[in-house]
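Fold and geometry: a report
Now for the letters of each chain:
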Amino acid sequence: MTAETTWLFGLPCSGKSTLAEGLVGPDTVHLDGDYLRETLNTDLGFSKEDRTENLRRAAGVAQALNEQGFDVIASFITPYRSQRELIYEKVDDVSFVHVQAPVEVCEERDVKGMYQQARDGEIEGFTGVDDPFEEPEPGEADLEVRTATHSEEETLKKINTELDIKFDPSHLFVGRWQPLHDGHRTIIDSAADNGKDVVIGIRDTELSEKNPLTAKERKELIDEVYGDHPNVESTIIPDVDTVAIGRDVGYTVVSVPEEVAQISGTDTRAEYEKSELLAGQHFGD
Ligand SMILES: Nc1ncnc2c1ncn2[C@@H]1O[C@H](COP(=O)(O)OS(=O)(=O)O)[C@@H](OP(=O)(O)O)[C@H]1O
Ligand SMILES: Nc1ncnc2c1ncn2[C@@H]1O[C@H](COP(=O)(O)OP(=O)(O)O)[C@@H](O)[C@H]1O
């Protein structure tokens, strides 16, 4: 599973931040308009140009986080089509969710009292009052959710189901995967092919003859194999030497079957040593 960005856009008070908070999970970063404007983007206002710059930076951060394995949930008004196009160009794997609610409903919610301030003329250029929100063209958004007529719970369920965001792991495989070989793949596939969400924990072992690949390199090899499996994620974990197992605590411990255990990591390493990936990389270090 490679990391991806889910971009929620819509009017102020449509429900973007609330939904984003409900979508964050492990290895997920929430980028929110308000937060970024108080931190990275304090120099920007709400002209079209400044909004575009705000979103360009946010898209850059999202892409950088995705490249480092973090999923991103972004919540920004993103009022112009051209801005959504820019984000689409900048973020390799992005899904857009239009968080829709009639402006009257948003105004009624008025979480921070800003619609009222805009109506009173205290703020100029407020989206939905005197600044545009360009409705998405049919087919532009990957998903539209209607928060005026559906509860937060229903909406979250719809996003999770239709965008397949929710990763609910039930199987954890801990190992060195030095390197990932057919024996490993047999046990991982036996769970993944049965529709289980799987986490592969990669022990961050020190380099040695028996541990020639860094954890990052092993993660890359695993992600190459499982990158297109939405239900398999890999994560680097500390080099633990003991796994303490509880009894009757809600999980089952399974040993690797004998025929799989016989597939040798040493033989596989020998094969890999001949390959370009390992040639002279760490043995001489
Ligand atoms: N003029 C004006 N127009 C719209 N919004 C305004 C404005 N001034 C301040 N705010 C507050 O800023 C939040 C929107 O920031 P974003 O970064 O999401 O906006 S944008 O995508 O760059 O258009 C927005 O937060 P949300 O209500 O969470 O959307 C507002 O609280
Ligand atoms: N289906 C829904 N999804 C999200 N928020 C909802 C929904 N229904 C009602 N709300 C309420 O609407 C408000 C949305 O505020 P917020 O999430 O800050 O919006 P935004 O980030 O778009 O400005 C919250 O008070 C939230 O409880």
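These numbers were taken from a predicted model, which means no experiment stands behind them. (Residues numbered from 1 in each chain as written. Chains lettered and ligands numbered in written order. Predicted model: local features only at pLDDT ≥ 70, side-chain atom pairs only at ≥ 80, totals over all residues. Heavy atoms only, no water.)

1. Section: the UniProt feature "domain: Cytidyltransferase-like" (unreviewed entry) in the protein
Inclusion rule: UniProt positions are given in the numbering used here, feature names are shortened, and annotations may be inferred rather than shown by experiment. Put simply, DSSP marks the helices as runs of H or I at least four residues long and the strands as runs of E at least two long, and each gets a number from the N terminus on.
Taking the numbering used here, the UniProt-annotated feature "domain: Cytidyltransferase-like" (unreviewed entry) corresponds to residues 172-232. Secondary structure over residues 172-232 splits into 38% helix and 18% strand, and the C-alpha atoms at its two ends are 10 Å apart.

2. Brief notes about the packing of helix 3 (residues 48-67) against helix 4 (residues 81-90)
To be explicit about the condition: Angles run from 0 to 180 degrees between N-to-C directions of axes, and those axes are lines fitted to C-alpha atoms, restricted for helices to the stretch in contact. In this scheme, roughly parallel covers angles under 35 degrees and roughly antiparallel covers those over 145, while 65 to 115 is roughly perpendicular and the rest are oblique. In this scheme the handedness of a crossing depends on how the near helix is turned from the far one: anticlockwise by less than a right angle means left-handed, clockwise means right-handed. The contact criterion used throughout is that any non-hydrogen atoms of two residues lie within 4.5 Å. As a working rule, the residues Ala, Val, Leu, Ile, Met, Phe, Trp, Tyr, Cys and Pro are called nonpolar, Asp, Glu, Lys and Arg charged, and the rest polar, with Gly in that last group.
Running from N to C, helix 3 and helix 4 point in directions that differ by 20°, and their axes come no closer than 9 Å. The orientation of helix 3 with respect to helix 4, classified from their angle, is roughly parallel. Crossing of helix 3 over helix 4 shows right-handed handedness. Between helix 3 and helix 4, the contacting residues are Lys48, Arg51, Thr52, Leu55, Arg56, Ala59 and Gln63 on the first element and Ser82, Gln83, Leu86, Ile87 and Lys90 on the second. Of the residues belonging to the contact of helix 3 with helix 4, the class tally is four nonpolar, four polar and four charged.

3. Notes on the UniProt feature "domain: APS kinase" (unreviewed entry) in the protein
Per the UniProt record, "domain: APS kinase" (unreviewed entry) is annotated on residues 5-140. Annotated as 42% helix and 16% strand, the span residues 5-140 places its first and last C-alpha atoms 16 Å apart.

4. Focus: the site of ligand 2
The cut-off we apply is this: If even one non-hydrogen atom of a residue comes within 4 Å of a molecule or strand, that residue is called near it. Any pair of nitrogen or oxygen atoms within 3.5 Å is treated as a polar contact; in protein, a donor-acceptor pairing is required on top of that, and neighbouring residues in sequence qualify only through side-chain atoms on both sides. Note on areas: Shrake-Rupley, 1.4 Å probe, and residue coverage restricted to the protein chains presented here.
Close to ligand 2 lie 16 residues, the nearest being Cys13, Lys16, Ser17, Thr18 and His150. In the environment of ligand 2, an oxygen atom lies 2.4 Å from a nitrogen or oxygen atom belonging to the side chain of Thr18. His150 is positioned with one of its backbone polar atoms (N or O) 2.7 Å from a nitrogen atom of ligand 2. In isolation ligand 2 exposes 570 Å². Once the protein is present, 76% of that is buried. Where the shell around ligand 2 is concerned, the elements lending two or more residues are helix 1 (16-23) and helix 7 (152-163).

5. Some thoughts on the pattern of salt bridges
Between side chains of opposite charge, a pair can form when the charged atoms approach closely. Applicable threshold: A pair is scored as a salt bridge if a Lys or Arg side-chain nitrogen falls within 4 Å of a carboxyl oxygen belonging to Asp or Glu.
Considering all chains together, one arrives at 14 salt bridges under this definition. Across the pair Asp131 and Arg51 runs a salt bridge whose closest N-O atoms are separated by 3.1 Å. Taken together, the residues Asp131 in the loop between helix 6 (114-119) and strand 5 (143-146) and Arg51 in helix 3 connect sequence positions 80 residues apart. Lys219 is the partner of Asp223 in a salt bridge, and the nearest nitrogen-oxygen pair spans 3.0 Å.

6. What to know about the environment of Lys196
To keep it simple, the criterion reads: Burial here depends on accessible area, computed with a 1.4 Å probe over protein chains only, as a share of the maximum for the residue type. Under 20% is buried, over 50% is exposed, and the range in between is partly exposed.
Structurally, the position occupied by Lys196 is in the loop between helix 8 (182-192) and strand 7 (198-203). Since its relative accessible area comes to 36%, Lys196 is described here as partly exposed. Along the sequence, Lys196 and Asp168 sit 28 residues apart, while their C-alpha atoms lie 8.4 Å from each other. Apart from residues no more than four positions distant in its own chain, Lys196 is found in contact with Ser170, His171, Ala191 and Asn231.

7. What about the packing of helix 1 against helix 7?
Where helix 1 contacts helix 7, the two axes come as close as 10 Å, and the packing angle between them is 60°. Here helix 7 runs oblique to helix 1, going by the angle between their axes. Between helix 1 and helix 7 lies a crossing of right-handed hand. Counting all contacts with helix 1, which are made through Thr18, Leu19, Gly22 and Leu23, the residues of helix 7 involved are Glu152, Thr155, Leu156, Ile159 and Asn160. By residue class, the composition of the contact of helix 1 with helix 7 is four nonpolar, four polar and one charged.

8. Regarding the nonpolar core
Threshold: Residues grouped as a nonpolar core are buried Ala, Val, Leu, Ile, Met, Phe, Trp, Tyr and Cys residues, joined through side-chain atoms within 4.5 Å.
In this structure, Trp7, Phe76 and Ile87 are the most contacted members of the largest nonpolar core, which totals 25 residues. Of all the secondary-structure elements, those providing two or more residues to this core are strand 1 (5-9), helix 3, strand 3 (71-75), strand 4 (94-100) and helix 6. Ranked by the residues each element gives to this core, the list is headed by helix 3, at five residues. The residues touching Trp7, leaving out its near neighbours within four places in the chain, are Leu55, Ala58, Ala59, Ala74, Phe76, Thr78, Ile87, Val94, Ser95, Phe96 and Val97. With 14 residues, the next largest nonpolar core counts Leu180, Ile187, Ala191 and Ala192 among its residues.

9. So, the sheet that holds strand 2 (residues 28-32)
Quick reminder of the rule: Two strands pair under a simple rule: DSSP has to find at least two bridges between them.
Taken in spatial order, the five strands line up as 2-3-1-4-5 in an open sheet, and their pairing is parallel. Edge strands, defined here as strands with exactly one partner in the open sheet, are strand 2 and strand 5. Shown here is a sheet whose adjacent strand axes are inclined to one another by a mean of 20°, direction ignored. As judged from the four bridges shared by strand 4 and strand 5, these two strands associate in the parallel manner.

10. Structural notes on helix 1
Applied cut-off: The arc under discussion is defined with respect to the helix axis, by the directions toward the C-beta atoms.
Inspection of helix 1 places Lys16, Leu19, Ala20 and Leu23 among the buried residues, and these make up the whole buried set. Looking straight down helix 1, one finds its buried side chains confined to an arc of 105°; they lie on one side.

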